[in-house]
Amino acid sequence: PSSDCVMAEQLCLSDSTCNATYRTLESCALAKSRLLSLDHDSRVRCLNAELDLGNSSLLHCRCHRRMKRQEHCLRIFWTVHSSMTDGYFNLETSPYENPANEEHWKTDYNKLAALVSGKNCSHLAGDATNPCLRATHVCNLSKKCFRLRTDYASICTKGAGSEDVCDRRKCHRGLRNFFEKVPEDFTKRILFCPCQDEFCGERRRKTIVPDCSFQYNTKPNCLWLLDSCLEDHICKSRLADFQQNCQPVDMSPDGCSLHNHAACLQAYMGMIGTPMTPNYVSNSSVEVSLWCTCENSGNQKEKCDQILGMFESNKCL
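None of these values were measured; they are calculated from a predicted model. (Residues numbered from 1 in each chain as written. Predicted model: local features only at pLDDT ≥ 70, side-chain atom pairs only at ≥ 80, totals over all residues. Heavy atoms only, no water.)

**A closer look at the overall build of the protein**
Consideration 1: Helix and strand content of the protein: 16 helices and two strands.
Consideration 2: For the protein, long-range pairs separated by at least 24 residues make up 70% of all intrachain contacts whose partners lie at least 6 apart in sequence.
Consideration 3: Carbon and sulfur atoms make up 50% of the accessible area of the protein, which amounts to about 17100 Å² in all. (Helix = DSSP H or I, 4+ residues; strand = E, 2+ residues; numbered from the N terminus. Contact = heavy atoms within 4.5 Å. Areas by Shrake-Rupley, 256 points an atom, 1.4 Å probe, with all protein chains shown as cover.)

Quick look at the structure:
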């Protein structure tokens, strides 16, 4: 089984040969992050360093979505695999452990659902026509779900209705906190609640407070959005996870190449709170998109369309 990258790094640094190889890879990754063009000899040296790791646990390490030192873990992963991002945005493999291998996060959702339908919560009976409102009420019965939802909502609505601009970075961090720390039984029901009318659909669309987390005054180019994402270890990792788990295939029953629709939805949720945050495009459909456009993309129009298409016309998603 693959160890987590923080442990693997500690093991490597205690071995002089592995330590020297890893330091080489760190300088390679730093050069790439600063967009410095490496000469032929430097590229060869970087590739050889990656190959020299051989059977080192660093080469096979992964990270967990809910681990405490996640950003540090992801930085280690991309240091070791920096050659994967050469030239294009197909990141090939996710730095995250397969969800099936991760610890099962227990939840008392069933107990809460029973509470909701019981006499103590008879005032929620009117929520039957609005599953999104019902999902919110169930979230409110959990202290953690209520607290973290309130946290991001208050951060993301600061500046709304005035000349102040919301703090998008803090808003994104609050959203990531919510989707990482609250059990999925709560977060999935809030984000993917089934709606029959526009009032419910509007509530679903506003789950992530789109005025702050999603929309800019004008739509940026999707290539700019991608560049912003690739400069951020968390966003790049979530995008790699999304590309791996939401790869569409026409012949598959669920439209997914890995035949795991749940893993795709989890990867989609992982994109929320990153520079490439997606959302529902209206209150009357379940279509989703990025807040970006491919107009004026010049000779990179095809690449831009592909980025947007991962969300707008992805059968797996």
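Read on for the rest.
**What to know about empty space enclosed by the protein**
Consideration 1: This model, assessed by the stated rule, comprises one cavity of 30 Å³ or more.
Consideration 2: One number sums up the size of the largest cavity: a volume of about 60 Å³.
Consideration 3: Its residues assigned to classes, the lining of the largest cavity shows six nonpolar, four polar and one charged. (1 Å grid on protein atoms, 1.4 Å probe; cavity = no way out; pocket = protein on both sides within 12 Å on 5 of 7 lines; lining within 4 Å. Points joined across faces, edges and corners; volume = space filled by probe spheres on them. Nonpolar A, V, L, I, M, F, W, Y, C, P; charged D, E, K, R; others polar.)

**Describing the side chain of E9**
Consideration 1: In this structure, E9 sits in helix α1 (residues 5-13).
Consideration 2: Taking relative accessible area as the criterion, E9 reaches 8% and is therefore assigned buried. (Buried < 20%, exposed > 50% of the residue type's maximum accessible area, 1.4 Å probe, protein only.)

**As for the confidence of the model for the protein**
Consideration 1: Residues with a pLDDT of 70 or more make up 83% of the protein, whose mean pLDDT is 83.
Consideration 2: Confidence, expressed as mean pLDDT per element, reaches its minimum in the protein at helix α6 (residues 109-117) with 49 and its maximum at strand β1 (residues 278-280) with 96. (pLDDT = per-residue confidence, 0-100.)

**Digging into the packing of aromatic side chains**
How two aromatic rings sit relative to each other is given by the distance of their centres and the angle of their planes.
Consideration 1: This structure, assessed with the given rule, holds seven aromatic pairs.
Consideration 2: Pairing F178 with F179 gives two aromatic rings, centres 5.2 Å apart and planes at 80°, and the pair type is edge-to-face. For the pair formed by F178 and F179, the shared burial category is buried.
Consideration 3: Between F214 and W291, the aromatic rings sit 5.5 Å apart at their centres with planes inclined by 65°, giving edge-to-face as the arrangement. Of the two residues, F214 is situated in the loop between α12 (210-213) and α13 (222-230) and W291 in the loop between β2 (288-290) and α16 (301-312); the sequence distance between them amounts to 77 residues. This pair shows no difference in class: F214 is buried, exactly as W291 is.
Consideration 4: By way of ring pairs, the aromatic residues Y152, F178 and F179 are connected into one cluster.
Consideration 5: Cation over ring: R168 sits above Y216, and NZ or CZ is 4.0 Å from the ring centre.
Consideration 6: Across from the ring centre of Y280, 4.8 Å away, lies the NZ or CZ of R204, which sits over that ring. (Phe/Tyr/Trp six-rings, centres within 6.5 Å; stacked < 30°, edge-to-face > 60°. Lys NZ or Arg CZ within 6 Å of the ring centre and 35° of its normal.)

**Re the packing of helix α14 (residues 233-245) against helix α15 (residues 261-271)**
Consideration 1: Two numbers describe how α14 lies on α15: the axes approach to 9 Å, and their chain directions differ by 155°. In this view, α14 runs roughly antiparallel relative to α15, as classed from their interaxial angle. Remark: the crossing between α14 and α15 carries left-handed chirality. Note on element contacts: α15 touches α14 through A263, C264, A267, Y268, G270 and M271, opposite R238, L239, D241, F242 and N245.
Consideration 2: Here the contact of α14 with α15 is composed, by residue class, of seven nonpolar, two polar and two charged. (Axes fitted to C-alpha atoms, helices over the stretch in contact; angles between N-to-C directions. Parallel < 35°, antiparallel > 145°, perpendicular 65-115°, else oblique. Left-handed = near helix turned anticlockwise from the far one by under 90°.)

**A closer look at the state of the cysteines**
Consideration 1: The tally for this structure, following the rule as stated, stands at 14 disulfides.
Consideration 2: One disulfide in the model links C139 with C145; its S-S distance is 2.0 Å. Because the sign of the S-S torsion sets the handedness, a value of about -110° for the bond joining C139 and C145 places this disulfide among the left-handed ones. Each member of the pair, C139 as well as C145, is classed as buried. (Disulfide = S-S within 2.5 Å.)

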